[in-house]
Amino acid sequence: MSSSHPTDIKNKMKREEVARKSKKAKNQQKLERRLAIAKAEANDPAAKKKRLAENVPRTLDNMREFDPSILTADPNQAGPSSSQDALDEAAADLANDSFASYFTSTDDPSLPPKILITTSPKASKSTYEFCDELVGVFPGAEFIRRKKGKGFEMGRIAGWAAGRDYKHLLVVNEDMKKPNAITLVYLPNGPTAYFKLTSIELTKNIFGHARATPHNPELVLNGFVTRLGHAVGRMFQTMFPPLPEFQGRQVVTLHNQRDFLFFRRHRYAFRSTEKVALQEIGPRFTLKLRSLRKGLPAVLNYGEAPKPLEFDVGPFEETEVKAVQGSATNDDAEPNDAKHRAPVVPPKTDDYLWQWKPELETSRRTFFL
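Residues numbered from 1 in each chain as written. Predicted model: local features only at pLDDT ≥ 70, side-chain atom pairs only at ≥ 80, totals over all residues. Heavy atoms only, no water.

Within the chain, the secondary structure is distributed over 8 helices and 11 strands. Taking all 369 residues of the chain together, the buried fraction comes to 32%. For the chain, contacts bridging at least 24 residues in sequence account for 69% of all contacts bridging at least 6. With the model as given, the accessible surface of the chain reaches about 24,500 Å², and the carbon-plus-sulfur share is 54%. (Helix = DSSP H or I, 4+ residues; strand = E, 2+ residues; numbered from the N terminus. Buried < 20%, exposed > 50% of the residue type's maximum accessible area, 1.4 Å probe, protein only. Contact = heavy atoms within 4.5 Å. Areas by Shrake-Rupley, 256 points an atom, 1.4 Å probe, with all protein chains shown as cover.)

This part takes up the pattern of salt bridges. Between side chains of opposite charge, a pair can form as their charged atoms come close. Counting across every chain of the model gives 8 salt bridges. Between Arg156 and Glu153 there is a salt bridge; the shortest N-O distance is 2.7 Å. Its salt-bridge partner being Arg284, residue Glu280 comes within 2.6 Å of it at the nearest N-O pair. What makes Glu280 buried here is its relative accessible area of 14%. Judged by its relative accessible area of 25%, Arg284 is partly exposed. (Salt bridge = Lys/Arg side-chain N within 4 Å of Asp/Glu carboxyl O.)

All right, on to empty space enclosed by the protein then. Taken as a whole and assessed by the stated rule, the structure comprises 3 cavities of 30 Å³ or more. Leu134, Phe138, Leu170, Ile182, Leu184, Phe236, Met239, Phe263, Phe285 and Leu287 together form the lining of the largest cavity. Contributing elements (two or more residues each) for the lining of the largest cavity: β4 (178-186) and β10 (284-294). If you add up the space inside the second largest cavity, you get close to 40 Å³. (1 Å grid on protein atoms, 1.4 Å probe; cavity = no way out; pocket = protein on both sides within 12 Å on 5 of 7 lines; lining within 4 Å. Points joined across faces, edges and corners; volume = space filled by probe spheres on them.)

With that out of the way, let us pick up the packing of aromatic side chains. For the structure on display, the rule yields 10 aromatic pairs. Ring geometry for Trp160 versus Tyr166: centroids 6.4 Å apart, planes at 25°, classification stacked. Clustering of aromatic rings is evident, with ring pairs tying together Phe130, Phe263 and Phe285. Positioned above the aromatic ring of Tyr128, the side-chain terminus of Arg145 is 4.2 Å from the ring centre. One residue, Lys288, lies across the ring of Phe260, its end atom 4.2 Å from the ring centre. (Phe/Tyr/Trp six-rings, centres within 6.5 Å; stacked < 30°, edge-to-face > 60°. Lys NZ or Arg CZ within 6 Å of the ring centre and 35° of its normal.)

Moving on: the packing of helix α1 (residues 12-43) against helix α2 (residues 45-54). Relative to each other, α1 and α2 sit at 125°, their axes nearing to 5 Å. Classed by the angle they form, the pair α1 and α2 counts as oblique. Where α1 approaches α2, its residues Ile37, Glu41 and Asn43 are matched on the opposing element by Pro45, Ala47, Lys48 and Arg51. Of the residues in the contact of α1 with α2, the class split is 3 nonpolar, 1 polar and 3 charged. (Axes fitted to C-alpha atoms, helices over the stretch in contact; angles between N-to-C directions. Parallel < 35°, antiparallel > 145°, perpendicular 65-115°, else oblique. Nonpolar A, V, L, I, M, F, W, Y, C, P; charged D, E, K, R; others polar.)

Before going further, it helps to spend a moment on the nonpolar core. Grouped together as the largest cluster of nonpolar side chains are 37 residues, with contacts concentrated most on Phe138, Leu170, Phe195, Phe236 and Leu261. With near-sequence residues (within four places) excluded, Phe138 lies in contact with Ile115, Leu170, Met239 and Phe240. Core analysis: the next-biggest nonpolar cluster, separate from the first, contains 11 residues, Leu116, Ala162, Val185 and Leu187 among them. (Core = buried A, V, L, I, M, F, W, Y, C linked by side-chain atoms within 4.5 Å.)

A few words on the confidence of the model for the chain. When the pLDDT values of the chain are averaged, the result is 83; 83% of them are 70 or greater. This stretch, residues 327-340, has a pLDDT under 50; its non-local contacts, to residues over four places away or in other chains, come to 1 contact. (pLDDT = per-residue confidence, 0-100.)

Right, let's talk about the environment of Asp132 for a bit. Positionally, Asp132 belongs in helix α5 (residues 125-137). A residue is classified by how much of its surface remains accessible, and Asp132, at 52% relative accessible area, is exposed. Taking the C-alpha atoms as reference points, Asp132 and Phe143, separated by 11 residues in sequence, lie 7.7 Å from one another.

Quick look at the side chain of Arg146 now. Here Arg146 shows up in the loop between β2 (141-143) and α6 (154-162). Summary of buried charges: Arg146 has no salt-bridge partner, and the nearest side chain of opposite charge, Glu153, is 6.8 Å away. Of note is the side chain of Arg146, whose polar atom sits 3.3 Å from the backbone oxygen of Thr119. Among the polar contacts listed, one links the side chain of Arg146 to the backbone oxygen of Phe152, at a separation of 2.8 Å. Contacts of Arg146, omitting those with residues within four sequence positions, involve Thr118, Thr119, Ser120, Pro121, Phe152, Glu153, Met154, Ile157 and Val171. (Lys, Arg positive; Asp, Glu negative; His and termini not counted. Polar contact = N/O pair within 3.5 Å; in protein donor to acceptor, adjacent residues only side chain to side chain.)

Before going further, it helps to examine the pairing of strand β3 (residues 168-175). When you tally the buried positions in β3, you get 6 out of 8 residues, the bulk of the element. As paired strands, strand β1 (residues 115-119) and β3 are joined by 5 bridges and run parallel to one another. Looking at the pairing, Leu116 lines up with Leu169 of β3. Taken together, the 8 bridges between β3 and β4 define a ladder with antiparallel strand orientation. Paired with Val171 across the two strands is Thr183, which belongs to β4. (Pairing = 2+ DSSP bridges.)

As structure tokens, this is what we get:
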């Protein structure tokens, strides 16, 4: 008496033999079916085109939930009028956003913007190595080691850099002696973006990497479809000069897929009139947006006068203490009389335009960029 299924067979050797024969028969039938389809489509190209159009794989990308901020037409709406209105509204927003001055500037398009790169306090060797890589990626970048102690908050550094014609501030944060986040500030008035940083591969760790040249690279932005995504893409676009140097054959790619921003840098070589090859230069890393703040990073108690000194003295020393406090007040007033360049004042509280929260991801098909 034969069993209906191999799992019903109690003998192990017999059960494995039946399962092996069943699997082989299924694979053979699948191969014969594929060969028959290929033979039929060889004489009828329209049938192959129809099959490929119908057999579209279902992925998280093509099944993402529709967001009103997506700058494409809603598939559930009929007619292009609503989509055209959304595009017009988005174009008006882009013309009046914080980055509009970069795209309407009349300066030399080959002049790179000044970028200040620094680290979190007490950074380690791996963070400094990553900052060296970033200085080579952005043409106008300059690295300054961050000092320790009070008075070097991120908002104060941003105000100091804005007063010296820097256009961006990039701060690399670290945890457990490894870079784990990047804060990007657009100067002089923001916004400020905070990204989680993962999957770092330095140039020296990439096998067969190419050597970088000082030419201004091209920039390729891919997959930014929402208004938030356009804001992030335009922020990265302002970090490169508008006119690249094509003779350098360098291209920087920022590819957005499922809200992960994959950063790559390549050099392309034309092997023939029809073929082109890519050689990676490095570095490579992955970013994920966590927040977008309006303006510069906040500095608590900025501009407030320090508390006066307090002395525990006797009655006979009070006059002496008052004289010391009066001299200290006069010393503090002297620099205010001198003429100094006024820095940009950071805010005292953070105003978030967007902040990631776990409850925002209602499903695996929800994306924001």
